[in-house]
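# What the coordinates show
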Amino acid sequence: MIDLQFLGKTRTKAKLKKSYTQAKVCYLNRIRWAVSVFYFGMGLCFATWASRIPDIKTSLHLSEGALGTILFALPLGQLIVMPFSGKLVTRFGSHKVLIVALSMYVVSMTNLGLATAAWQLSLGLFVFGIFGNLSNIAVNTQGVYTEELFKRTIMASFHGMWSFAGFTGALVGLAMLSLQLTPYIHFIIVAALVLLMMLFNFKHLIKAKEKIQTEQKKLFSKPDSSLLWLGVIGFCCMASEGVMFDWSGVYFKDVIKAPGPLVILGYTSFMIMMASGRFIGDAIILKFGRKVVLQVSGILISSGLFTAVFFPYVIPATIAFMFVGLGVSTIIPTVYSVAGKTPNVAPSVALTTVSSVSFLGFLMGPPIIGYIAELSSLRFSFAFIGVFGLLIAVMVSRIKAIK
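Note that the structure is predicted; figures quoted are calculated from it, not measured. (Residues numbered from 1 in each chain as written. Predicted model: local features only at pLDDT ≥ 70, side-chain atom pairs only at ≥ 80, totals over all residues. Heavy atoms only, no water.)

### Things to note about the environment of Ile331
- Examined against the element boundaries, Ile331 turns out to sit in helix 14 (residues 331-339).
- When the C-alpha atoms of Ile331 and Cys237 are compared, they prove to be 6.9 Å apart, with 94 residues separating the residues in sequence.
- Beyond its immediate stretch of four places on either side in the chain, Ile331 contacts Ile233, Cys237, Leu294, Ser297, Ile301 and Ile392. (Helix = DSSP H or I, 4+ residues; strand = E, 2+ residues; numbered from the N terminus. Contact = heavy atoms within 4.5 Å.)

Right, dumping it as structure tokens:
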């Protein structure tokens, strides 16, 4: 892993001020709400863009292949900035980076609506990805700090707000389409709403900076092994999640042979259970512990995918995709929560390491499905991804940091 020396090497974790650690519950709840709003704002921006992809594809006269190539610019932007994001959050503070990055994320979203050529859309998505990754690391660092103040797991509820924003963005997108508003006007309206939410909540973000010591290190340094294992768990989860996002509709159409509108039933059931699982996940983790919940989650992912493979009918497959949604719901929030508490590693740096490995699953999972389906069948490719859930259950038992 590249060690960017000019940004500094983090040695110790941030120490939260007494004004936070000794604050009343009502003020802590206000902090939690503010951080939740920033998660919601991020999710709303992404869902808003996603809801207008078909319209932008039509207006730019793009083929499916051309659109697929252009869409790759977004994860490319995220990957390019990944080595820098954790270091920047560590040096300047997650609250400052989050305010700037999310503001630019909003602005870059609106610019997507101005694209009149394929290269402009590609450039816009590349920038959108850069600020999306910076916002992601900064907001999850805020989530780790807030969880530390509450002294119990609350990370899943933050990610639940992101998922809830996905539903909200889809509904707003339908409303904008019914009003026949252009993508640019749609994006401007959402941008104004997100900026307004930021304006009323940015003062309640946790202000904390890491103590930094600069050391001479080799250009390539080995990251903490526990973080790599957490990243691999995240990889398996996000590969499963990415497959459900991109291929669940195709699976219901080509394999399940679902009629008409029922094609979206698999994706909808998955999303509902993923969002629901995140809102109830913290209470479940508090009762049974992270290790048990992660192991059960891995088994749910495998059980769901294998059920959809062996019983390719509408009702069993719908229930199966609900299992997958419930399975993936708490894994990433829990992995991020554990990573943020790694000794002698700043939360922002730990989150960057874990999210870098995890994100590769989201990036590689859907294409792998396509390649395997081309060589064999879509059912066999879903069975292949189903093995990832079992791997999660096994790996969790070997990581001491997960309790």
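### Considerations on the packing of helix 8 (residues 155-178) against helix 11 (residues 265-288)
- Between helix 8 and helix 11, the shortest axis-to-axis distance is 7 Å and the interhelical angle comes to 150 degrees. Viewed along their axes, helix 8 and helix 11 adopt a mutual orientation that is roughly antiparallel. Crossing hand, helix 8 versus helix 11: left-handed. Contacts from Met155, Ala156, Ser157, His159, Gly160, Met161, Ser163, Phe164 and Phe167 in helix 8 reach Met271, Ile272, Met274, Ala275, Arg278, Phe279, Gly281 and Asp282 in helix 11.
- For the contact of helix 8 with helix 11, the class distribution of residues is 10 nonpolar, five polar and two charged. (Axes fitted to C-alpha atoms, helices over the stretch in contact; angles between N-to-C directions. Parallel < 35°, antiparallel > 145°, perpendicular 65-115°, else oblique. Left-handed = near helix turned anticlockwise from the far one by under 90°. Nonpolar A, V, L, I, M, F, W, Y, C, P; charged D, E, K, R; others polar.)

### Examining helix 8
- For helix 8, with 24 residues, the first-to-last C-alpha span of 36 Å sits near the 34 Å given by 1.5 Å per residue.
- Gln180 sits one or two positions beyond helix 8 and adopts a positive phi of about 60 degrees. (Expected span 1.5 Å × (residues − 1).)

### Let's talk about helix 9 (residues 183-201)
- Taking 1.5 Å of rise per residue, the 19 residues of helix 9 would be expected to cover 27 Å, and the 27 Å separating its terminal C-alpha atoms lies within 8% of that figure.
- Of all the residues in helix 9, the buried ones are Pro183, His186, Phe187, Val190, Ala191, Val194, Met197, Met198 and Asn201. Relative to the axis of helix 9, the buried residues are bounded by an arc of 130 degrees and lie together on one face. Exposed residues pointing more than 90 degrees away from the buried face of helix 9 are listed as Leu199 and Phe200.
- Considering only its buried residues, helix 9 is in contact with helix 2 (25-51), helix 3 (53-59), helix 6 (94-112) and helix 8. (Buried < 20%, exposed > 50% of the residue type's maximum accessible area, 1.4 Å probe, protein only. Arc of directions from axis to C-beta.)

### Section: the packing of aromatic side chains
- Applying the stated criterion across every chain, the model contains 10 aromatic pairs.
- Geometrically, the ring pair formed by Phe252 and Phe321 is tilted, given 5.4 Å between the ring centres and 55 degrees between the ring planes. Here Phe252 is found in helix 10 (residues 225-254), whereas its partner Phe321 is found in helix 13 (residues 314-329), with 69 residues between them in sequence.
- The buried category is assigned to Phe252, whose relative accessible area is 0%.
- Arranged with centres 6.3 Å apart and planes meeting at 15 degrees, the rings of Phe321 and Phe382 form a pair that is stacked. With Phe321 in helix 13 and Phe382 in helix 16 (residues 378-396), this pair connects stretches of sequence that are 61 residues apart.
- Clustering of aromatic rings is evident, with ring pairs tying together Tyr251, Phe252, Phe321 and Phe382.
- Looking at Arg32, its charged tip hangs above the ring of Phe150, at a distance of 5.5 Å from the centre. (Phe/Tyr/Trp six-rings, centres within 6.5 Å; stacked < 30°, edge-to-face > 60°. Lys NZ or Arg CZ within 6 Å of the ring centre and 35° of its normal.)

### Some remarks on unusual backbone geometry
- A positive phi angle is found at Gln180, which is not glycine, with a value near 60 degrees.
- By the secondary structure assignment, Gln180 is in the loop between helix 8 and helix 9.
- The phi dihedral of Lys257 falls on the positive side, at around 60 degrees, and the residue is not glycine.
- Positionally, Lys257 belongs in the loop between helix 10 and helix 11.
- When its relative accessible area of 60% is taken as the criterion, Lys257 is described as exposed.

### Observations regarding the nonpolar core
- In terms of nonpolar packing, the biggest core is built from 109 residues, with Trp49, Leu121, Leu125, Leu230, Ile233, Tyr251 and Phe382 touching the most fellow members.
- Of all the elements, helix 7 (residues 118-150) adds the most residues to this core, at 13 residues.
- Setting aside anything within four residues of it in sequence, one finds Ile233 in contact with Ile331, Val335, Ile392, Met395, Val396, Ile399 and Ile402. (Core = buried A, V, L, I, M, F, W, Y, C linked by side-chain atoms within 4.5 Å.)

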